[in-house]
Amino acid sequence: MRFLSKRQVSEKIGLSRTEIDRKEAAGKFPKRVQVGFRVFWVESEVDGWMEALIEKRNHAAPDHHREMTRTQPPHQLAVD
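Analysis parameters
One numbering rule holds for all chains: residues counted from 1, following each sequence as written. Local features in a predicted model are, by the rule used here, given only for residues with pLDDT of at least 70; side-chain atom pairs are given and counted only at 80 or more, and totals for whole chains, interfaces and linings are based on all residues. Water and hydrogen atoms play no part in the side-chain values, which are based on all heavy atoms of the structure. Put simply, DSSP H or I for four residues or longer makes a helix, DSSP E for two residues or longer makes a strand, and each gets a number counted from the N terminus. Only protein chains enter the calculation, and the probe is 1.4 Å; a residue is then buried if its accessible area is under 20% of its type maximum, exposed if over 50%, and partly exposed in between. Pairs of residues are marked as contacts when any of their non-hydrogen atoms sit within 4.5 Å. Each accessible area is a Shrake-Rupley result for a 1.4 Å probe, and residues are judged covered by the shown protein chains and nothing else. In what follows, salt bridge is the name for a side-chain nitrogen of Lys or Arg lying within 4 Å of a carboxyl oxygen of Asp or Glu. Axis lines are fitted through C-alpha atoms, for helices just across the contact stretch, and the angle between N-to-C directions can take any value from 0 to 180 degrees. Put simply, angles under 35 degrees are roughly parallel, angles over 145 are roughly antiparallel, angles from 65 to 115 are roughly perpendicular, and the rest are oblique. Throughout, the ten residues Ala, Val, Leu, Ile, Met, Phe, Trp, Tyr, Cys and Pro are labelled nonpolar, Asp, Glu, Lys and Arg are labelled charged, and all others, Gly among them, are labelled polar.

### Looking at the overall build of the chain
Here comes step 1: A tally of regular secondary structure across the chain gives 4 helices and 3 strands.
Here comes step 2: Reading the chain from its N terminus to its C terminus gives the helix and strand order β-α-α-β-β-α-α.
Here comes step 3: Of all 80 residues assigned to the chain, the portion counted as buried reaches 20%.
Here comes step 4: When contacts within the chain are restricted to residue pairs at least 6 apart in sequence, those whose partners lie at least 24 apart make up 44%.
Here comes step 5: Total accessible area on the chain stands at roughly 6800 Å², and carbon and sulfur atoms take up 54% of it.

Spelled out as structure tokens, the structure:
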């Protein structure tokens, strides 16, 4: 088990420190662990959060609009 600082978490997940605070306050990110005056996150919990996002993506319904725009032939202009 390993603790990560806010800077390390930010670098690991690619979100700003402010966005981490917002997600945590909204209950959408693992809670911090306070050690003295410092705060840390448990690396395995952050990894689990990342894995849950991947699972959500993998199980999401396909976006039919995007699929249709990729597979539709290009529009042709009517010529008189």
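### What to know about the pattern of salt bridges
Here comes step 1: Following the criterion strictly, the structure yields 9 salt bridges and no others.
Here comes step 2: We note a salt bridge from Glu 43 to Arg 2, for which the minimum N-O separation is 3.8 Å. Of the two residues, Glu 43 is situated in helix H3 (residues 43–59) and Arg 2 in the segment before strand E1 (3–4); the sequence distance between them amounts to 41 residues.
Here comes step 3: Judged by relative accessible area, Glu 43 falls into the buried class, the value being 17%.
Here comes step 4: The class of Arg 2 is partly exposed, set by a relative accessible area of 43%.
Here comes step 5: Arg 7 is paired through a salt bridge with Glu 11; the nearest N and O atoms lie 3.3 Å apart. In this pair, Arg 7 and Glu 11 both sit in helix H1 (residues 6–13), 4 residues apart, roughly one turn of the helix.
Here comes step 6: Residue Arg 7 is classed as partly exposed on the basis of its relative accessible area of 43%.
Here comes step 7: Classification of Glu 11 as exposed rests on a relative accessible area of 55%.
Here comes step 8: Linked through salt bridges whose partners overlap, the residues forming this network are Arg 2, Lys 12, Glu 43 and Asp 47.

### Description of the packing of H1 against helix H2 (residues 17–25)
Here comes step 1: Two numbers describe how H1 lies on H2: the axes approach to 9 Å, and their chain directions differ by 95°. Considering the angle they form, H1 stands roughly perpendicular to H2. Listed contacts from H2 to Lys 6, Arg 7, Val 9, Ser 10 and Ile 13 of H1 are Arg 17, Ile 20 and Asp 21.
Here comes step 2: In terms of residue class, the contact of H1 with H2 is built from 3 nonpolar, 1 polar and 4 charged.

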